[in-house]
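Observations on chain architecture
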Amino acid sequence: MNRNSQSTEANFDGLVGPTHHYAGLSFGNEASARHQYQPSNPLKAVLQGLGKMKALADQGFVQGVIPPLARPDLRLLRQLGFTGNDVQILQKARQQAPELLSAACSASSMWVANAATVSPSADTADNRVHFTVANLNNKLHRMSEARGTTAVLRALFADERRFIVHDALPQTPAFGDEGAANHNRLYGGAEGPGLELFVYGYDARLPSGGPVRYPARQTRQASEAVARLHQLDPQTTLYAQQNPAVIDQGVFHNDVIAVSHREVLFCHEQAFSGQQALFDAIRQRLPEFHPLVVPDEAVTVSDAVNTYLFNSQLLSRQDGSMSLVLPQEAREHPAVWQYLQQLLAGDNPITGLQVFDLRESMRNGGGPACLRLRVTLTEEERQAVNPAVMMNDALYTRLTAWAGKFYRDRLTTDDLADPQLLTDNYQALDELTGILNLGTVYDFQQSQ
Ligand SMILES: N=C(N)NCCC[C@H](NC(=O)CCC(=O)O)C(=O)O
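Residues numbered from 1 in each chain as written. Predicted model: local features only at pLDDT ≥ 70, side-chain atom pairs only at ≥ 80, totals over all residues. Heavy atoms only, no water.

Below, the discussion takes up the side chain of T132. Relative to the helices and strands, T132 resides in strand 4 (residues 129-133). When near neighbours in sequence (up to four residues on either side) are disregarded, T132 contacts A115, A116, T117, H166, D167, D177, V226, L229 and H230. (Helix = DSSP H or I, 4+ residues; strand = E, 2+ residues; numbered from the N terminus. Contact = heavy atoms within 4.5 Å.)

Burial along strand 9 (residues 258-261) is two-sided: the residues A258 and S260 and V259 and H261 are all buried. Looking at chain direction, strand 9 and strand 10 (residues 264-268) are connected through four bridges and run antiparallel. Bridge assignment links S260 to a residue of strand 10, and that residue is L265. Where strand 9 hands over to strand 10, the hairpin turn is made up of two residues, of which R262 adopts a positive phi near 50°. (Buried < 20%, exposed > 50% of the residue type's maximum accessible area, 1.4 Å probe, protein only. Pairing = 2+ DSSP bridges.)

Considering soluble globular proteins, one finds that nonpolar side chains tend to be buried as a cluster. One finds F12, F131 and W402 to be the most contacted residues of the largest nonpolar core, which totals 103 residues. Judged by nonpolar contacts, the second largest core, of 19 residues, contains L292, L326, Y339 and L343. (Core = buried A, V, L, I, M, F, W, Y, C linked by side-chain atoms within 4.5 Å.)

What follows covers the UniProt feature "active site" (unreviewed entry) in the chain. Listed under "active site" (unreviewed entry) in the UniProt record, and renumbered for this structure, are E178, H253 and C370. These residues run over 193 residues, yet every pair of their C-alpha atoms falls within 11.2 Å of each other. Inspection of the secondary structure assignment puts E178 in the loop between strand 5 (163-166) and strand 6 (183-186). Summarising the element assignment, H253 is placed in the loop between helix 9 (244-247) and strand 9. The exposure class of H253 is buried, given its relative accessible area of 2%. Of the polar contacts made by the side chain of H253, one reaches the side chain of N114; its length is 3.3 Å. (UniProt positions renumbered as here; feature names shortened; annotations may be inferred. Polar contact = N/O pair within 3.5 Å; in protein donor to acceptor, adjacent residues only side chain to side chain.)

This brings us to the sheet that holds strand 8 (residues 237-241). Judged by pairing direction, the sheet is mixed, and its three strands sit side by side in the order 6-7-8 without closing on themselves. Across the chains shown, the open sheet's two edge strands, defined by having one partner strand only, are strand 6 and strand 8. In this sheet, adjacent strand axes meet at a mean angle of 25° when their direction is disregarded. Sheet topology note: the strand 6/strand 7 (residues 195-200) ladder contains four bridges and is antiparallel. (Axes fitted to C-alpha atoms, helices over the stretch in contact; angles between N-to-C directions.)

So, about the pattern of salt bridges. Using the criterion set out here, one finds 25 salt bridges in the structure. For R374, the salt bridge goes to E9, with nearest N and O atoms at 3.0 Å. Here R374 is found in strand 15 (residues 372-378), whereas its partner E9 is found in strand 1 (residues 7-14), with 365 residues between them in sequence. Residues R374 and E9 agree in their burial class; the two are buried. Note that R78 and D86 form a salt bridge whose closest N and O atoms lie 3.0 Å from each other. Linked through salt bridges whose partners overlap, the residues forming this network are K54, D58 and D393. (Salt bridge = Lys/Arg side-chain N within 4 Å of Asp/Glu carboxyl O.)

One can find L197 in strand 7. Assessed through its relative accessible area of 0%, L197 is described here as buried. Discounting chain neighbours no more than four positions away, the residues touching L197 are N182, H183, N184, L238, A240, L278 and I282.

Turning our attention to the packing of helix 2 (residues 42-58) against helix 16 (residues 393-406). Closest axis-to-axis distance for the helix 2/helix 16 pair is 10 Å, and the angle between their directions is 175°. By the angle class used here, helix 2 and helix 16 are roughly antiparallel. The residues of helix 16 that touch helix 2, namely those facing L43, V46, L47, L50, G51, K54 and D58, are D393, Y396, L399, T400, A403 and G404. Residue composition of the contact of helix 2 with helix 16, by class: seven nonpolar, three polar and three charged. (Parallel < 35°, antiparallel > 145°, perpendicular 65-115°, else oblique. Nonpolar A, V, L, I, M, F, W, Y, C, P; charged D, E, K, R; others polar.)

Moving on, we get to helix 2. Helix length check: helix 2 (17 residues) gives 24 Å between terminal C-alpha atoms against 24 Å at 1.5 Å per residue, within 8%. Along helix 2, the residues classified as buried are P42, A45, V46, Q48, G49, L50, K52, M53, K54, L56 and A57. Looking at the residues trailing helix 2, positive phi occurs at G60, about 95°. (Expected span 1.5 Å × (residues − 1).)

Attention now goes to the side chain of S108. Looking at where S108 falls in the secondary structure, it is placed in the loop between helix 5 (98-105) and strand 3 (116-119). Here S108 falls in the buried class, since its relative accessible area comes to 0%. Engagement of the side chain of S108 in a polar contact is seen with the side chain of E145, the distance being 2.7 Å. With residues near it in sequence (within four places) discarded, S108 still touches H141, R142 and E145.

Attention now goes to the site of the ligand. Lining the immediate environment of the ligand, one finds 21 residues, of which L25, S26, S32, H141 and D255 sit closest. A distance of 3.0 Å separates an oxygen atom of the ligand from a polar atom in the backbone of A23. Contact between the ligand and D255: a nitrogen atom at 2.8 Å from a side-chain N or O atom of the residue. Its free accessible area being 480 Å², the ligand has 100% of it covered by the protein chains. Among the residues making up the shell around the ligand, the classes are represented as eight nonpolar, ten polar and three charged. (Near = heavy atom within 4 Å. Areas by Shrake-Rupley, 256 points an atom, 1.4 Å probe, with all protein chains shown as cover.)

Another point: the environment of T237. Relative to the helices and strands, T237 is located in strand 8. Overall, the relative accessible area of 8% leaves T237 in the buried class. Through-space distance from the C-alpha of T237 to that of A227 is 7.7 Å; in sequence the pair is ten residues apart. Contact partners of T237, with chain neighbours within four places excluded, come to L195, E196, F198, A227 and L232. Reaching out from T237, the side chain makes a polar contact with the backbone oxygen of D233 at a distance of 2.8 Å.

Attention now goes to helix 16. Over its 14 residues, helix 16 runs 20 Å from end to end, which matches the ideal 20 Å to within 8%, given 1.5 Å per residue. Among the residues of helix 16, L395, L399, W402, A403 and F406 are the ones counted as buried. Down the axis, helix 16 shows its buried residues gathered within 100° of arc, on one side only. In this structure, helix 16 carries A394, A401 and K405 as exposed residues pointing more than 90 degrees from its buried face. Looking at the buried positions of helix 16, the neighbouring elements they touch are helix 2, strand 2 (63-66) and helix 17 (419-435). One side-chain oxygen of the residue at the start of helix 16 lies 3.2 Å from the amide nitrogen of A394, identifying that residue as N392. (Arc of directions from axis to C-beta.)

In structure tokens form, the structure reads like this:
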């Protein structure tokens, strides 16, 4: 395979599933806690996500769709001791442990920045695109994604000559892994290996040094294991610790405080431990490195957590300038919006802002960047991706009609044991596998 052929950063967005609801399941994610038990609108949520995908595809960006996992996760409920037929299991869980029913129904697989860590073929010794499925072992509702995500990614990236999807790391806290949300890849003009920057919350070898209030979800040990699996060159691999003080302020993933694209790293001044030394190390390997650091006096960490300023997407336009894709909350915040105007006027590649209303996802702590998995692909690799998942007018029309047929416009935790919800979900997902040409990717299809 040709190492030097032109490559593209494609974005694959998670399609919001029909059971999207607010259950307060993610301790350390303040939006999740704040919106616990509020009614959600799954139809609006899926349409908001599709709107972003369609707008970016219309601008010529390569945009794909990742289907939701099948929920309720009856396998998980059985594993937790609930017995009987499907309806009995749901009802028993609702009566005895509603928080477990919520976990089994969570639509959290929409945040595909946590589906896997991805290394492009230019960085890997065997010249394949490597994916390691995230084990997400810090939270029950997220941990149970790994199995289904593995099957879905293998259905999308099936060509084993070009892609390899590794199983998730061992499910133990020392190997906590949250995927691409804690991984950046920086690169300059020349084709060839990029600099892979893995960001962890704590080092399991050291007894202290992590956050104290909220959990660190990613360990250094997990990042190192992913780098080994991906056969990365240690010369172009760096590890950095996220500042534990910002984890304690609600920055549960690095993509809540930093985003990279090409040679640019856009981040808050408090994002990393030893930030200056880290920047020196990056610059040593990548002379074009262009950090854009936001001072606390312009935007506080709390403002960043509330607006998801850094959970933005940086996209290159044809002319080499960059566009920043932001959530509506960033526009509504005077200090953040003022900072963004200064950024546009300043000497840097960002020349445009695009704002999307993603409020249904934002209320659970998921912004524009959480909803996408970035996969850098050569032209040949792009041709090898399942073409039915690539966004275009026809797919957008089909998926909006499909969602309109199956999704509810109101859902609360009280609705989760409704047998009709289960039947509708399975029917919706069965139809979706046809639209996206996925084969029988869901367990319920195999037992039919
Ligand atoms: N930053 C990135 N890349 N992803 C955001 C993930 C949000 C997700 N929220 C939730 O899982 C909330 C579910 C609930 O409470 O109902 C989480 O905390 O893992």
